[in-house]
Amino acid sequence: MNVAIIGLGLMGGSLAKSLKKLDFIKEIVGSDHNPKHQKEALELSLVDKIVDINQVKKYDVIFLAIPVDGIIAALQNLVGVKESTTIIDLGSTKAKIIASVPHQIRKNFVAAHPMTGTENFGPSAAVENLYDDKVVVLCDIENSGEHQIEVAKRIFKALHMKKHFMPAHQHDRHAAFISHMPHAIAYSLANTVMNQEQKHTILALAAGGFRSMSRLAKSSAFMWEDIFRQNKTNLLEAIELFENELNILKEHIKNDEWEKVHKNIEAGNRLHEVLD
C-alpha cells in the first residue's frame, strides 16, 4: 500500500514511524500546511516526501491526523478519490466528523480514534510505538465499504492495537469523560495557579502530584478548542457532573464532616480497581 498522512504532528508523525516497520507499506508521504512541520518531518525521515494536499487523492490509504475541524474541511476536498481508496481519520470526536463526510466518499471513509497521545505536539513530538497495545475505537463501521473496513483492520492489527466498535454518539459521550473533561480540568487547574500573585513561589513547591495533574495543560490550544467545540454538549454534561462531585467534597470539608470526606476518598480509590 502507498500511504499519505495529512498532518505531521504527534499523531501523524508517530503513525509514520510505526507504518515504516510494516512490510506491506510501500511508500509514506506527508502533507502539512505548516512549512516548518514539512521541513522537520523530512529531516526526521518521518515520510519519504512532502506532497501537496491535492496530490494525496492518488494514494491507497489517506490518514487524517489533524485537528477535528481540519478533518471536516479536508474531507470536502477528497471527493473524487478512487473507489478502492481508504480514508481514515484519527480525530478525538466522531459524530460531527461522520456527519460531514460527503456522500460520494462515505464508503471510502473509516472513522477511528486511537486512544493514545502525549501532551506534546509537532513532528519532533513523534515517538516510536505510540500506538502499540493501545485501544482504537472504530465508529459506525457498518457504513464503511467492506474493502475499507478490511484495510483499516489490517493496519490497526499490524500496529498491535486493540479494536473496539461503537456508535459515534456513544464514543463522543465516553470520550468527554475520560479525555475531554480531564483536559478542561487541567487547563483550569493551571490557570488557577497562574492567576495567583505568588505563582512562582507556589510553583517552586510543585512535585509529582501537581505535575501529573497539570501535564495535559501543555496540549495544543488549536487542537483542543476544536474538540471542545465539536463535543460541546457531552463536555458540558461531564463538567457539570464533575462540579457536582467536587461540590459534595467541598461541603463535607466545609462542614468538618471528616468521616464523609474519608468515605468520598475511599470511593475514588476504587476507580483503579476497574481501570487496572
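In the block above lies the structure referred to throughout.
Each chain carries its own residue numbering, running from 1 in the written order of its sequence. Reporting of local features is limited, given that this is a predicted model, to residues whose pLDDT is at least 70; pairs of side-chain atoms are given and counted only at 80 or more, and all residues count toward the totals for whole chains, interfaces and linings. Excluded from the side-chain calculation are hydrogens and water; included are all heavy atoms of the structure.

S.K.: I'd like a description of the environment of Ala73, backed by residues and values.
M.R.: Put simply, DSSP H or I for four residues or longer makes a helix, DSSP E for two residues or longer makes a strand, and each gets a number counted from the N terminus. Within the secondary structure, Ala73 sits in helix α3 (residues 68-76). In this scheme, a residue with accessible area under 20% of its type's maximum is buried, one over 50% is exposed, and one in between is partly exposed, where area comes from a 1.4 Å probe on protein chains only. Of the residues examined, Ala73 reaches a relative accessible area of 44% and is grouped as partly exposed.

S.K.: So what's going on with the pattern of salt bridges? Which residues, and what values?
M.R.: Salt bridge, as used here: a side-chain nitrogen of Lys or Arg that lies within 4 Å of a carboxyl oxygen of Asp or Glu. Counted by the stated rule, this structure contains 12 salt bridges. The shortest N-O distance in the salt bridge between Glu259 and Lys263 comes to 3.6 Å. Taken together, the residues Glu259 and Lys263, both in helix α11 (residues 258-269) and four residues apart, mark about one turn of the helix. Looking at Glu259, the relative accessible area reads 57%, which means it is exposed. Residues joined by salt bridges that share partners form a network here, namely Asp69, Glu225, Asp226 and Arg229.

S.K.: Provide a residue-level description of unusual backbone geometry, including the pertinent values.
M.R.: Even without being glycine, Asp140 reaches a positive phi, approximately 50 degrees. Here Asp140 shows up in the loop between β7 (135-139) and α5 (146-158). For His160, which is not glycine, the phi torsion reads 65 degrees and is therefore positive. As for its position among the elements, His160 is in the loop between α5 and β8 (162-166). Judged by its relative accessible area of 49%, His160 is partly exposed.

S.K.: Explain the sheet that holds strand β4 (residues 61-64) residue by residue, including any values.
M.R.: For two strands to count as paired, DSSP must find a minimum of two bridges between them. Taken together, the eight strands give an open sheet; going across it, the order is β3-β2-β1-β4-β5-β6-β7-β8, and neighbouring strands pair in mixed fashion. Of all strands in the sheet, those with a lone pairing partner are β3 (49-50) and β8, marking the two edges. Across five bridges, the pairing between strand β1 (residues 2-6) and strand β2 (residues 27-31) is parallel. When the bridges of β2 are listed, Ile5 appears paired with Gly30. We call two residues in contact when some of their heavy atoms are within 4.5 Å. Between N-to-C directions, angles cover 0 to 180 degrees, with each direction set by a line fitted to C-alpha atoms, over the stretch in contact for helices. Contacting β1, β2, β4 and β6 (109-114), helix α1 (residues 10-19) crosses the sheet at an angle of about 160 degrees to β1.

S.K.: Can you tell me about the packing of helix α6 (residues 168-194) against helix α10 (residues 232-254), naming the residues and giving the values?
M.R.: The interhelical angle for the contact between α6 and α10, taken along N-to-C directions, is 65 degrees, at an axis separation of 8 Å. α6 and α10 meet at a crossing whose hand is right-handed. Taking contact as the criterion, the partners of Asp172, Arg173, Ala176, Phe177, His180, Met181, Ala184 and Ile185 in α6 are, on α10, Asn234, Leu235, Glu237, Ala238, Ile239, Leu241 and Phe242. By residue class, the composition of the contact of α6 with α10 is 10 nonpolar, two polar and three charged. Note on convention: the crossing is left-handed when the near helix lies turned anticlockwise from the far helix by less than a right angle, right-handed when the turn is clockwise. Classification used: nonpolar for Ala, Val, Leu, Ile, Met, Phe, Trp, Tyr, Cys and Pro, charged for Asp, Glu, Lys and Arg, polar for all others including Gly.

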